[in-house]
Amino acid sequence: QLFAAETTANFSVLLDVSRSMSYGSHSTTKLDYARYLAACLLDFSRHQRDRVGLFTFDDDVVDYIPPSAKNLDLCLHTLHRAKAGRPGELRKPILKATETLRRRGILVLISDFYERAEDVVRAVRTLQSPGHDVMVFHLLDPAELELPFQGPANFQDMESGEQLPLIPEKLREGYKELLTAHTAELHERFTAGQVDYAVLDTSKPLDQALFRFLLHREKKRKAR
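> How should I be thinking about the overall build of the protein chain in this particular structure?
When helices and strands are counted, the protein chain shows seven helices and eight strands. Taken across its 224 residues, the protein chain has 46% of its residues classed as buried.

Structural data, given as structure tokens:
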């Protein structure tokens, strides 16, 4: 069997359910996409005989399901009812997750990372510190990638709720340069720290993310 696991492992998804994850410029919000991705990864891992668990968080831990061979249905139920409501912050919930998940395992962090690159990297390093194998999926809506809006309008910060009057045409190129620099810095820092990192467009199929995850597991299995 391709990508079959030689040993069982603890596998947990850490899912951002902060307010900004509710955004969607098309039929699927970032949170919906994240839930589909998390459900696929948990189901796949359970079929690999891993013990599966789930964290959901905003500025604190919202739900925690410990890794277990019996917890897949509970994880899927929790994903189904997850809602994006409060502003988010990585530091506090990630620290709590690290203190809770003491046994080494595989962790997948799914978020839109509405924070400075330095803060994101620091949080992921905290996750790695007990020896966990960490993967990071950075979810962005196509409108966040391209800023396609036309004409002056008020834009709302999804985390703070602040209204900002903007003219997208005047900001588009500078915005895209900043976003590219942000994701490039994360990619560089994570690669140096042996963290697999991928930016996902929520208008695209999940195939890229799932195949990347499979390759990551196979690479780690061969390394062992």
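So, next bit.
> Hey, could you run me through the sheet that holds strand S4 (residues 106-111) in this one?
Each strand in a sheet pairs with another by means of backbone hydrogen bonds, the pair being arranged parallel or else antiparallel. Strand order across the open sheet formed by six strands is S3-S2-S1-S4-S5-S8, with mixed pairing between neighbours. Two strands bound the open sheet, and with one partner strand each, they are strand S3 (61-68) and strand S8 (196-201). The mean inter-strand angle of the sheet, taken between neighbouring strand axes irrespective of direction, is 15 degrees. Bridge count for strand S1 (residues 10-16) against S4 is five bridges, and the pairing is parallel.

> I keep staring at the environment of phenylalanine 55 and nothing clicks. Help me out?
Within the secondary structure, phenylalanine 55 is located in strand S2 (residues 51-57). A relative accessible area of 3% means that phenylalanine 55 is categorised as buried. In this structure the C-alpha to C-alpha distance between phenylalanine 55 and alanine 97, which are 42 residues apart in sequence, comes to 7.6 Å. Ignoring anything within four residues of it in the chain, the contact list for phenylalanine 55 reads Val13, Leu14, Leu15, Val61, Asp63, Tyr64, Ala97, Thr100 and Leu101.

> Please explain the pattern of salt bridges as it appears in this structure.
Where charged atoms from two side chains of opposite charge approach closely, those side chains can pair. Scanning all chains against the criterion turns up 15 salt bridges. Salt-bridge contacts for aspartate 32 lead to arginine 35; the nearest nitrogen and oxygen are separated by 2.6 Å. Residue aspartate 32 and its partner arginine 35 are located together in helix H1 (residues 30-47), separated by three residues, close to a single helical turn. With a relative accessible area of 18%, arginine 35 lands in the buried category. In this structure, arginine 86 and aspartate 59 form a salt bridge, with 3.5 Å as the shortest nitrogen-oxygen distance. Of this pair, arginine 86 sits in the loop between helix H2 (72-81) and helix H3 (91-100) while aspartate 59 is found in the loop between S2 and S3, placing the two residues 27 residues apart along the sequence.

> Where do I start with H3 in this structure?
In an α-helix there are 3.6 residues to a turn, and that puts residues three or four apart on one side. Buried residues of H3: Pro93, Ile94, Ala97 and Thr98, and no others. One side of H3 carries all its buried residues, which in axial view fall inside an arc of 140 degrees. Contacts made by the buried residues of H3 are with S1, S2, S3, S4 and helix H4 (117-128).

What counts and what doesn't
Residues numbered from 1 in each chain as written. Predicted model: local features only at pLDDT ≥ 70, side-chain atom pairs only at ≥ 80, totals over all residues. Heavy atoms only, no water. Helix = DSSP H or I, 4+ residues; strand = E, 2+ residues; numbered from the N terminus. Buried < 20%, exposed > 50% of the residue type's maximum accessible area, 1.4 Å probe, protein only. Pairing = 2+ DSSP bridges. Axes fitted to C-alpha atoms, helices over the stretch in contact; angles between N-to-C directions. Contact = heavy atoms within 4.5 Å. Salt bridge = Lys/Arg side-chain N within 4 Å of Asp/Glu carboxyl O. Arc of directions from axis to C-beta.

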